[in-house]
Structures are given as C-alpha cells and as structure tokens.
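# Structure assessment
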Amino acid sequence: MTPLLQVENLAKFYGARIGCTDVSFDLYPGEVMGIVGESGSGKSTLLNCLAGHLPPDRGAVRFDTRTDGLRDTVTMSEPERRMLGRTDWAFVHQHARDGLRMNVSAGGNVGERLMAVNARHYGDIRSSAIDWLGRVEITADRIDDRPTAFSGGMQQRLQIARNLVTGPRLVFMDEPTGGLDVSVQARLLDLLRGLVRDMGLSAIIVTHDLAVVRLLADRLMVMKDGHVVETGLTDQVLDDPQHGYTQLLVSSVLQV
Amino acid sequence: MISVENVSKNFVLHNQGGTTIPVMAGASLHVAKGECVALVGASGAGKSTLMRMIYGNYLTAAGRIMVGDVDVAQAAPREVIALRRRTLGYVSQFLRVVPRVPTLDVVAEPLLLTGTGQEQARAQAAELLARLNIPERLWGLSPTTFSGGEQQRVNIARGFAFAYPALLLDEPTASLDPTNRAVVLGMIKEAKARGAAIIGIFHDHAARDDICDRQVDVTRFTPGLAA
C-alpha cells in the first residue's frame, strides 16, 4: 500500500534556533496520527511545514496525489500546492476565526470551499451546505447567520464543516478542541471519530491534551525541543512510555 | 493461533534514578484455535503485563509474539491496528469511551469499523445488550454514568460484538451477579466453540475451572520469583 503522506528528514530553523528537525514518518490512508509535546516543542511548526504554510529548510513531504502518485509538496509549484490546499487537504485551526470568514454567512463559509473547486449551481451549493451544517449539528435555520453570532464551539464545528465539504483525504488539525468546554469537546471528539470512520479520512492532530489523542489517534509522535523523542501506537506510548520525557508527560496528567 | 516465544520485558523509570525493573523473562505459551488458557499467579506476577504485551499495548524487549501470522513484538503500529480490528479482541477491566456517546453506539463501533452497515451493527449491539441484561432504557445513555457491573457488561458486549479469532479477557466475570456471570461464561464458551483462541485472567476460580482447558503460571516467567 502506498502511504498517503511520506515525510523524510524534515527540518525547519528559525535563525540558529531549531523549529523542528529530523522528522520522518509515513501516514497511511485512514490513519490518525497525534503529535504531542509541550508548547515550544515544535509541533505546530511541523504541522505548518507539512501543510505547506511554512517552507521547510530541509527534507521532503511527499503526498499521494490523485493524478501523479507521490509528489514532493515542498518543491511543487505554488499554484499546485494551493490547489491541494483547497481539495485534498483541509486545515482546522485552533482558533476558528483563523479558518473562517467572519463577515460571511455560515452557508457562505461552507459554499466558498465548494466554489473554489468550481461548483457553480447555487441550489446544489446551498443544499450541500445545509447537509454539512446538519452533520456538525448546526441547524438549517442558522445557515444565513454570520459566525460572529455563533458560540465558540459552533464556530469550531462550522470550521470543520467548511473544511470537510470538499471531501479532503488528509486533515491537519491544530488543537481542534483547545479552548472549548469539556461538554462541547466530547461532542466534537465523537463527530471527528465518526467522520474519520465513515469517510476514511487520514488526519494529523497536534494537541497537548493526552486524553484527546488517546480517543482520536491511532499513532502518536512525542516531540521535545524540535526533536521527535518517541513514536508508536497511541495506547502503547501512553501506557508503556520509553523515553524519559514521555514518562514525565504521562505521569504529570491530573486524575479527575 | 497465539504463540508467545521466549519473551522478556523490563521497565526503565528514567525519572526515578533510571531504575530498571525486570518484569518478565523467558515467557513462552501457545494457544490453539478453540482453546482457552488461564494465566495464573499472585498479584504482581505479571499476568496483565503479559496480556498487554500480546495486545501490543506494552512493548516487548525480546522474543516473538505471534498472533495469526503477525509478530506483535516487531509489527509496525498500523499492522497492530489492523490486527486489533479484525483478529485480536481485548476485554479490559476498564471501559474507556468518548464521553456522551450512547451505549448502543459504543457496542456497535467494532462492527462499524469492520464494515457492517449502521442498521445491522446496531441490531447486533442491541441483541448483545439485551442478552447481558442491560435495560433498554439505558441504551441511549452514555455508559460513563453506569454502575461498575453495568460498565463491565457494556465492555464485554463491545468485546464480543465482532467475532475475533483471538480473544484476551482480563477478569471478565469480576463484579458480576450470578445471572450475568452465567451469561458471560456462556458467551465465552460459544466463542471457543466457533474456534476462537482465548487467553484469560480469572480470579473467579469456579469460572476458570469451568471454561479453561489449561492454566499457565506466570510466576515462572517472573525474574527473581521463579523457583
């Protein structure tokens, strides 16, 4: 089986400081990988390099494109990379405001992604929008409201609907449940699990919440100071951590 | 079906002075299809550790753990995931679920993951829950609010939803009343009859003697404890 994403020796430096370095992994279709580590460990830098938002200084990020198989997204042209960003890739930001147009209606936010891939029929776009709002539990009568009129949790669900409406194959998520009430977080986790299962999505999730990765991710990568210190099956890394830092991280979680 | 060959394991505690604790050495064990083997030994002897190593939840330092044709000790994460999806089931002592997901969906999930349709999966889940005497009015609620015995039965229903060829059972009858204990023992016997290879930990000795063909004392695999 061809991996969906193949990362080889990826590195990003900020001057003399390390953003992330020596990162290599394969992600297969349908797999969900979590990246954990404390703030400043390089996990968001890595995610942004993978998603083409930051140019890495070294290494390759090969994506299994629909037409040409594995292509290095670091060296492909900007228009090609942007095309991937609107079609096969999705990026869910930590702050929904960064991923939404705040002064456009909820339906418009979802429809815009469709129009970017050449959907033109107004009726079709609107019915897809209603369908997706329903899947993320936003009722159809809110379709003409702007995200500014939504709660934080609703904005986050709208962002997910906007991202998934074009049927991407790979979703990047940066702290998707950060800053949400635990009650909203639980519903979002269930939603994401269902989407991964039913659509066969692959996802890379950056978070510092170990409970979230345990429930969502098949595999886990632990980062510290820009380096990957441990990788493995999520429950194995959490239940039998090998690296000193991972042991510290796991043993520091407060019990409820 | 399950074959553990000369397996060992240490825990290294990096944050506690780098203490190394050898917990298992020279463990070997074979379970054929349709056979049920009980792991016995005092608390702390390593029964659960061995079971977790077979499930890929704990890493193995040396040796081979074959489940079907996969060596769990060497397998890549995605191979272990595929193995757990279709081959190797595990009923742990604790239920771990996404909060607020209805019990019926919790039980149906292993079926959905293996390609059973939504309706069929839910029907089968309902059948299992009914058999395990979980009242129907609870099916739409999250099991996180259930009593200990109810949670355990939900866990068992989930573990038996898909007909795995190999099963690991960690204290499946603890905290069950006699009626439900009999139901669970019946389910384990049915799994044996359809050819599942089963490894179990039972503190309930009557249950163990009723369903297990053999016992393996893990004390002989415990470094420093072996006679």
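This is a predicted model, so every value here is computed, not measured.

## Some points on the overall build of chain B
Each helix and strand counted, chain B has 7 helices and 9 strands in total. Compactness check: chain B gives a C-alpha radius of gyration of 18 Å against a globular reference of 17 Å for 227 residues, within 12% of the reference. Reported as C-alpha extents along the three principal axes, the dimensions of chain B are approximately 50 × 40 × 35 Å. Here chain B holds 227 residues, and the buried ones make up 52% of them. When contacts within chain B are restricted to residue pairs at least 6 apart in sequence, those whose partners lie at least 24 apart make up 69%.

## A closer look at the pairing of strand E2 (residues 17–27) of chain A
Side chains on a regular strand alternate between the two faces of the sheet. All names here are of chain A. Pairing geometry for strand E1 (residues 5–14) and E2, over 7 bridges, is antiparallel. If you follow Val 7 over to E2, its bridge partner there is Phe 25. Linkage of E1 to E2, two consecutive antiparallel strands, is achieved through a turn of 2 residues, within which Gly 15 is found at a positive phi near 65°.

## Brief notes about the pairing of strand E3 (residues 32–36) of chain A
All names here are of chain A. Of all 5 residues making up E3, 5 are buried, and the element is well covered by its neighbours. Both faces of E3 are covered, namely the face carrying Val 32, Gly 34 and Val 36 and the face carrying Met 33 and Ile 35. The sheet contact formed by E3 and strand E8 (residues 202–206) spans 4 bridges and is parallel. Among the inter-strand pairings, Ile 35 is bridged to a residue of E8, identified as Val 206. In this structure, E3 lies alongside strand E9 (residues 219–224), joined through 4 bridges in parallel fashion. Each bridged residue has a counterpart across the sheet, and for Val 36 the counterpart in E9 is Val 222.

## With respect to the environment of Lys 189 of chain B
Summarising the element assignment, Lys 189 of chain B is placed in helix H6 (residues 178–193). For the pair Lys 189 of chain B and Gly 34 of chain B, spaced 155 residues apart in the sequence, the C-alpha separation amounts to 9.3 Å.

## A short note on the pattern of salt bridges
Per the stated rule, a full pass over the model turns up 28 salt bridges over all chains. A cluster of three or more residues bridged by salt bridges with shared partners is formed by Arg 193, Arg 197 and Asp 198 of chain A together with Glu 109 and Arg 158 of chain B.

## Structural notes on the sheet that holds E2 of chain A
Two pairing modes exist for strands in a sheet, parallel and antiparallel, and in both the strands are linked by backbone hydrogen bonds. Residues and elements named next belong to chain A. Within the open sheet, the 4 strands sit side by side as E2-E1-E4-E5. Their pairing is antiparallel. Two strands lie at the open edges of the sheet, namely E2 and strand E5 (69–72), each paired on one side alone. Each neighbouring strand pair of the sheet contributes to a mean axis angle of 25°, computed without reference to strand direction. Relative to strand E4 (residues 58–65), E1 runs antiparallel, the two sharing 5 bridges.

## What about the confidence of the model for chain A?
On average, residues of chain A score 90 in pLDDT, and 99% of them reach the 70 mark or higher. The secondary structure element of chain A with the lowest average pLDDT is helix H7 (residues 182–199) of chain A, at 78, and the one with the highest is E1 of chain A, at 96.

## Focus on helix H2 (residues 77–86) of chain B
Within the span of H2 of chain B, buried status applies to Val 80, Ile 81, Leu 83 and Arg 84 of chain B. Buried residues along H2 of chain B cover an arc of 160° about the axis, so they all sit on one side.

## Considering the nonpolar core
Across soluble globular proteins, nonpolar side chains show a tendency to be buried alongside one another. Counting residues in hydrophobic clusters, the biggest one holds 92 residues, and the most contacted among them are Leu 158, Ile 160 and Val 171 of chain A together with Ile 156, Phe 160, Ile 188 and Ile 198 of chain B. Apart from the residues lying within four places of it in its own chain, the contact partners of Val 171 of chain A are Ala 90, Val 92, Leu 164, Leu 201, Ser 202, Ala 203 and Ile 204 of chain A. With 37 residues, the next largest nonpolar core counts Leu 50, Leu 88, Leu 168 and Ile 201 of chain B among its residues.

## A short note on unusual backbone geometry
Leave glycine aside and you will find that most residues have negative phi; peptide bonds, for their part, are mostly trans. The backbone phi angle of Glu 137 of chain A is positive, close to 65°, even though this residue is not glycine. For Glu 137 of chain A, the location among the structural elements is in the loop between helix H5 (122–135) and helix H6 (152–164). Its relative accessible area of 44% is what places Glu 137 of chain A among the partly exposed residues. Here the phi dihedral of Asn 133 of chain B falls at roughly 60°; this positive angle occurs in a residue that is not glycine. In this fold, Asn 133 of chain B is placed in the loop between helix H4 (118–131) and helix H5 (148–161).

## Quick notes on the interface of chain A and chain B
Each side of the interface is counted separately: chain A has 26 residues, and chain B has 25 residues. Buried area between chain A and chain B, both sides added, is near 2,200 Å², and the carbon and sulfur share of it is 54%. It is Arg 197, Leu 233 and Asp 240 of chain A in chain A that bury the most area against chain B; as a group they hold 25% of the surface buried on that side. Put simply, Arg 84 of chain B and Asp 235 of chain A hold a salt bridge, and the shortest N to O gap is 2.9 Å. The tally of links between chain A and chain B comes to 10 residue pairs in polar contact (both at pLDDT 80 or more). At the level of secondary structure, the elements contributing two or more residues to the side of chain A that touches chain B comprise H7, helix H8 (210–216), strand E10 (227–233), helix H9 (234–239) and helix H10 (244–251) of chain A. The biggest single contributor to the side of chain A that touches chain B is H7 of chain A, with 8 residues. The class makeup of the residues in the side of chain A that touches chain B is 8 nonpolar, 7 polar and 11 charged.

Conventions used here
Numbering of residues starts from 1 in every chain and runs along the sequence as written. Both sets of labels track the order of writing: A upward for chains, 1 upward for ligands. Only residues with pLDDT of at least 70 get local features here, since the model is predicted, and only at 80 or more are side-chain atom pairs given and counted; chain-wide, interface and lining totals rely on the full set of residues. To obtain the side-chain values, all non-hydrogen atoms of the structure were included, while hydrogens and water were left out. Numbering goes from the N terminus for both helices and strands, where a helix is a DSSP run of H or I of at least four residues and a strand is a run of E of at least two. A radius of gyration in this sense is built from C-alpha atoms; the matching globule rule multiplies 2.2 Å by the number of residues raised to 0.38. Each residue is placed in one exposure class: buried if its accessible area under a 1.4 Å probe, protein chains only, is under 20% of its type's maximum, exposed if it is over 50%, and partly exposed if it falls in between. Here a residue-residue contact requires only that any non-hydrogen atoms of the pair lie within 4.5 Å. Any two strands with at least two DSSP-identified bridges between them are counted as paired. By definition, a salt bridge exists where a carboxyl oxygen of Asp or Glu is found within 4 Å of a side-chain nitrogen of Lys or Arg. Axis definition: a line fitted to C-alpha atoms, over the contacting stretch in the case of helices. Angles run 0 to 180 degrees between N-to-C directions. The predictor's confidence in any single residue is recorded as pLDDT, a number from 0 to 100. Comment: arc refers to directions from the helix axis out to C-beta atoms. Grouping buried Ala, Val, Leu, Ile, Met, Phe, Trp, Tyr and Cys residues that are joined through side-chain atoms within 4.5 Å yields what is termed a nonpolar core. In this description, buried area is defined as the sum, over both parts, of the accessible area (probe of 1.4 Å) that is lost when the two are combined. Between N or O atoms, a polar contact is any pair within 3.5 Å; within protein, one atom must be a potential hydrogen donor and the other a potential acceptor, and residues adjacent in sequence are included only when both atoms are from side chains. Amino acid classes used here: Ala, Val, Leu, Ile, Met, Phe, Trp, Tyr, Cys and Pro are nonpolar; Asp, Glu, Lys and Arg are charged; the rest, including Gly, are polar.

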